[in-house]
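Here are the chains, one letter per residue:
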Amino acid sequence: MSVRRLAEVQPDSFAFSKANAVVAKNWIGKYPKGRQQSAVIPLLMIAQEQEGWVTRPAIEQVSKMLDMPLIRVLEVATFYTQFQLKPVGTRAHVQVCGTTPCMLRGAEALMDVCREKIHPEQFHTNADGTLSWEEVECAGACVNAPMIMIFKDTYEDLTPERLAEIIDAFEAGKGASVKTGTQLKDRYTSEPEGERTTLLDEAALSKSGGAKAKSGAAKNGAAKEPAIPPSKASKPKTHAAETDASVKSPSPKKATGKQEDATSVPPLPLNKKRANETLDDAGAPGRQRKGKPGGPAPKSAYKSPELLKGEPIGADAKKTRAAAKAPLAEAKPTLDSPNRPVGIKKPAKPDDLKLISGVGPKFETILNGLGIYKFEQVASWQKRQREWVDGYLNFSGRIERDDWVKQAKALAKGGEAEYIRVFGKKPR
């Protein structure tokens, strides 16, 4: 479960539209006087549907409308994952259930699809700002795991291939055409896959089946069962003394000694020698197990596969395997490589590359030394160029993880304002 915090960049104000203000007022009116705070969830949801996400000014407005402490409204907004605390995809925000049943049924593979098709990290929109994703706690459809939720609809019994199709449909603006609920053709809701395996004899369970059975017994001349009062209909039929209504305890008849001996289990023979031992003698280590006290532990007949092959096991084996699997250190890319990004002469006004998350003063100096001064240059890098720079900086995948290209595209397109629109926060 990720930590849910409000977005760093917030709008200056919030107000419900005229139509939504009427809806909000109606919701508040549904609760008795003095209980209007119960409308906090509907009001926050209305604010989210209006703005696309729950802003801090919206939370403050709801707090004022309900005369409710701000911290309590914040608690509600940050607890439920149905409330988005920063801008999400305009066409779909995919919430992947990551709780145990879904995880056992392949939720991790669904997240890989989201990482590939939307963004490597949660809560980041794709390049067009139309899609985003996050992992959430139980979304309440364990029987049809794995599943996702997009806005208010669930999509269940998913495979990675089916999720990819769903994401493509939403990206194309055709999300309304996607079937909700289970994605299996032979399943309607949550009945067993394939066919039923339990409660197969419906006739014996249903009222009509029972009536037919009774009528059949009557025709065969079977004795009628005595009517059972409704108050005792659920009582089990048993002859146990504890539940038999005919038994009136305590019994006035007392058993004789011979009768008790006949029905009792005979006691174990008394070992007077053992009974007279002191506690120290009885608890001595030598009496706990067969064999001499303090002797060597018996050798196990089990031999691990490693020992049978003559391979080392234990900590030394781990070191040996780690050394065998450790990749060889890759050589630093050469400056004359064709994969090196094309550099330019230092312009009169170079861009502040440090606005890209992941680029500090040291890396900016190195990039400038390679002739990289403008956001447009970073935004144009292809995969082979990103890999070259990554290797040259010895940064091991950081460019992809921080998505330098997307950051640079936003900064090159509209500076800080465009960056805030895309990422929901200020650069750096």
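Let me begin by describing the structure that accompanies this report. (Residues numbered from 1 in each chain as written. Predicted model: local features only at pLDDT ≥ 70, side-chain atom pairs only at ≥ 80, totals over all residues. Heavy atoms only, no water.)

With respect to the packing of helix H3 (residues 56–65) against helix H4 (residues 70–79)
Piece 1. In contact at an axis separation of 9 Å, H3 and H4 are set at 125 degrees when each is read in the N-to-C sense. Here H3 is positioned oblique relative to H4, judged by the angle of their axes. Once H3 is placed against H4, the crossing between them reads as right-handed. Between H3 and H4, the residues in contact are Arg56, Ile59, Glu60, Val62 and Ser63 and Leu70, Val73, Leu74 and Ala77, respectively. (Axes fitted to C-alpha atoms, helices over the stretch in contact; angles between N-to-C directions. Helix = DSSP H or I, 4+ residues; strand = E, 2+ residues; numbered from the N terminus. Parallel < 35°, antiparallel > 145°, perpendicular 65-115°, else oblique. Left-handed = near helix turned anticlockwise from the far one by under 90°. Contact = heavy atoms within 4.5 Å.)

Examining the nonpolar core
Piece 1. Core analysis: the largest hydrophobic core is formed by 27 residues, its most contacted members being Val94, Val96, Cys114, Ile148, Ile150, Tyr155 and Phe170.
Piece 2. Among the elements of the structure, strand E1 (92–97), helix H6 (107–117), strand E2 (131–136), strand E3 (148–150) and helix H7 (160–171) are those that each provide at least two residues to this core.
Piece 3. Take this core: its biggest share by element is six residues, from H7.
Piece 4. Ignoring anything within four residues of it in the chain, the contact list for Ile150 reads Ala92, His93, Val94, Tyr155, Ile166 and Phe170.
Piece 5. Counting residues in each nonpolar core, the second largest holds 25 residues, with Trp381, Trp404, Leu411 and Tyr419 among its members. (Core = buried A, V, L, I, M, F, W, Y, C linked by side-chain atoms within 4.5 Å. Buried < 20%, exposed > 50% of the residue type's maximum accessible area, 1.4 Å probe, protein only.)

Describing the sheet that holds E2
Piece 1. An order of E2-E1-E3-E4-E5 is seen for the five strands of this open sheet, with the pairing classed as mixed. Here the strands that pair on one side only, and so sit at the sheet edges, are E2 and strand E5 (181–182).
Piece 2. Bridge count between E1 and E2: six bridges; the pairing is parallel. Bridging across to E2, Val96 finds its partner in Glu135.
Piece 3. Relative to the sheet, H6 contacts E1, E2 and E3, its axis offset from that of E1 by approximately 155 degrees. (Pairing = 2+ DSSP bridges.)

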